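# Survey of secondary and tertiary structure
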Amino acid sequence: MKHFLKLLDCTTEEIYELLDLAATMKQYVKEGKEHHFLKGKTLGMIFEKSSTRTRISFETGMYQLGGHALFISARDSQIGRGEPTQDTARVMSRMLDGIMIRTFEQKEVEMLAEYGSIPIINGLTDLCHPCQVMADLLTIREHKGKLEGLTMCYIGDGNNMANSLIVGFLKMGAHVSIACPKAYQPDAQVLSFTEQYPGKFVMTESPEEAAKDADVIFTDVWASMGQEEEKAVREKAFRGYQINAELLAKAHLGCMVQHCLPAHRGEEITADVFESHADQIFDEAENRLHAQKAVMVAVMADKKDW
């Protein structure tokens, strides 16, 4: 695997390999076993969008892998002053061993990969959030023992999280059910991708219909970063798209609840549902570290070394 840009690029086998590697990374931490697969290597972390979990997981992960992470904000670099992405890619490729970028447009990530000569990792774009969904897949597999045959439900905005969850779970053999308002559906290329999985994908405007017989229900905030000015409009559009006790009653007994965080209690999820599933949600948050380490090792280390 040369880059990690979006799950649409990955085969089912590659995703399983990453999940197995993430589980190994987690076991190394639990056992206190040194695993310096990236010793002496430096990851440049470009943040055009702020973050908690992305920065901590990559920075801590690089430290645990024996390497170094370099934080680069748009405010403190030429990136924020209009330097072309292709020039940034070529400069950084001469000084770094890999780049993780958290930004707005997917084409910026793709251009870094096109013009650079080092591995590029997508830490988040408006199109997709593959790193988060690797952690999600890892968490569900830990709790349920499998991914194939499960039913994953997502309630809310058809945003980058919805896009990556749809792709990731379908590739893992799960059934996927999505409930979004008509004006907030997932990306067209993702919906086109679902046509490869007849009978395994349902999209509806009814949260109750989507949640029926679900094994795990995901949600995300109604207004993501950069959409704050739309908050009032979105609150009206998403009224009723909430994970609450009544909705969970439609799902399978023992249905998991997942949230990529931060969570707005009382909006996309009620406080009681969040707290009753907090252990699962914070397992998901912790798994960002292990999943991100697996991605870094897969693209930045020689396979013979791991």
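In case you missed it, the structure is sitting above this.
These notes cover the structure that comes with them. (Residues numbered from 1 in each chain as written. Predicted model: local features only at pLDDT ≥ 70, side-chain atom pairs only at ≥ 80, totals over all residues. Heavy atoms only, no water.)

### Details of the sheet that holds strand β2 (residues 68-73)
Either a parallel or an antiparallel arrangement is found when strands of a sheet pair, and the pairing is made through backbone hydrogen bonds. What counts here: Any two strands with at least two DSSP-identified bridges between them are counted as paired. Secondary structure elements are taken from DSSP: a helix is a run of H or I of four residues or more, a strand is a run of E of two residues or more, and numbering for both begins at the N terminus. Lines fitted to C-alpha atoms define the axes, with helix axes restricted to the stretch in contact, and inter-axis angles between N-to-C directions lie between 0 and 180 degrees. In what follows, residue pairs with any heavy atoms lying within 4.5 Å of each other are defined as contacts.
Spatially, 4 strands are ordered β2-β1-β3-β4 in an open sheet, and the strand pairing comes out parallel. Whereas interior strands pair on both sides, the edge strands pair on one side only; in this sheet they are β2 and β4 (120-124). Averaged over all adjacent pairs, the angle separating strand axes in this sheet is 20°, with direction ignored. Relative to β4, strand β3 (residues 98-102) runs parallel, the two being bridged by 4 bridges. Of the residues in β4, the one forming a bridge with R102 is L124. Lying on the sheet, helix α4 (residues 106-115) is in contact with β3 and β4; it crosses β4 at an angle near 165°.

### Observations concerning the pairing of strand β9 (residues 256-259)
How we decide: Exposure is judged per residue with a 1.4 Å probe applied to protein chains only, and the accessible area is read against the type maximum: over 50% gives exposed, under 20% gives buried, and values in between give partly exposed.
Judged by which residues are buried, β9 turns out to be covered on both faces: M256 and Q258 on one side and V257 and H259 on the other are all buried. Relative to β9, strand β8 (residues 216-219) runs parallel, the two sharing 4 bridges. Residue pairing for β9: I217 is matched across the bridge by V257.

### Details of the nonpolar core
So the rule is basically this: Put simply, a nonpolar core is a bunch of buried Ala, Val, Leu, Ile, Met, Phe, Trp, Tyr and Cys residues held in one set by side-chain atoms that sit within 4.5 Å of each other.
Among the nonpolar cores identified, the biggest contains 60 residues, and F4, I121, M134, L137, F169 and M296 are the most heavily contacted of them. With 8 residues, the top contributor of residues to this core is helix α12 (residues 278-300). The contacts of M134, once residues within four sequence positions are left out, are F4, L7, I15, L18, L19 and A291. One finds C153, A214, Y241 and L261 within the second-largest nonpolar core, a separate group that totals 23 residues.

### Remarks on the packing of helix α5 (residues 130-144) against α12
Counted only if it meets this: Geometric relationships in this document are graded by angle, where less than 35 degrees denotes roughly parallel, more than 145 denotes roughly antiparallel, 65 to 115 denotes roughly perpendicular, and other angles denote oblique. Each helix crossing is assigned a hand: it is left-handed if the near helix lies turned anticlockwise from the far helix by less than a right angle, otherwise right-handed if that turn is clockwise. Basically, the charged four are Asp, Glu, Lys and Arg, the nonpolar ten are Ala, Val, Leu, Ile, Met, Phe, Trp, Tyr, Cys and Pro, and anything else, Gly included, counts as polar.
Axis separation between α5 and α12 bottoms out at 8 Å; the angle between their running directions is 120°. When the interaxial angle is binned, α5 and α12 end up oblique. The interaxial crossing formed by α5 with α12 has right-handed handedness. Mapping the contact onto sequence places C131, Q132, M134, A135, D136, L138, T139, E142 and H143 in α5 and Q280, D283, E284, N287, R288, H290, A291 and Q292 in α12. Taken together, the residues of the contact of α5 with α12 sort by class into 5 nonpolar, 7 polar and 5 charged.

### With respect to the sheet that holds β9
What the 5 strands build is an open sheet, ordered β7-β6-β5-β8-β9; its pairing is parallel. In this open sheet, the two strands that pair with only one neighbour each are β7 (201-204) and β9. For this sheet, the mean inter-axis angle between neighbouring strands, taken without regard to orientation, is 15°. Strand direction decides the pairing type here: strand β6 (residues 175-179) and β7, joined by 4 bridges, are parallel.

From the geometry alone we can't say anything about function, so treat these as descriptive.
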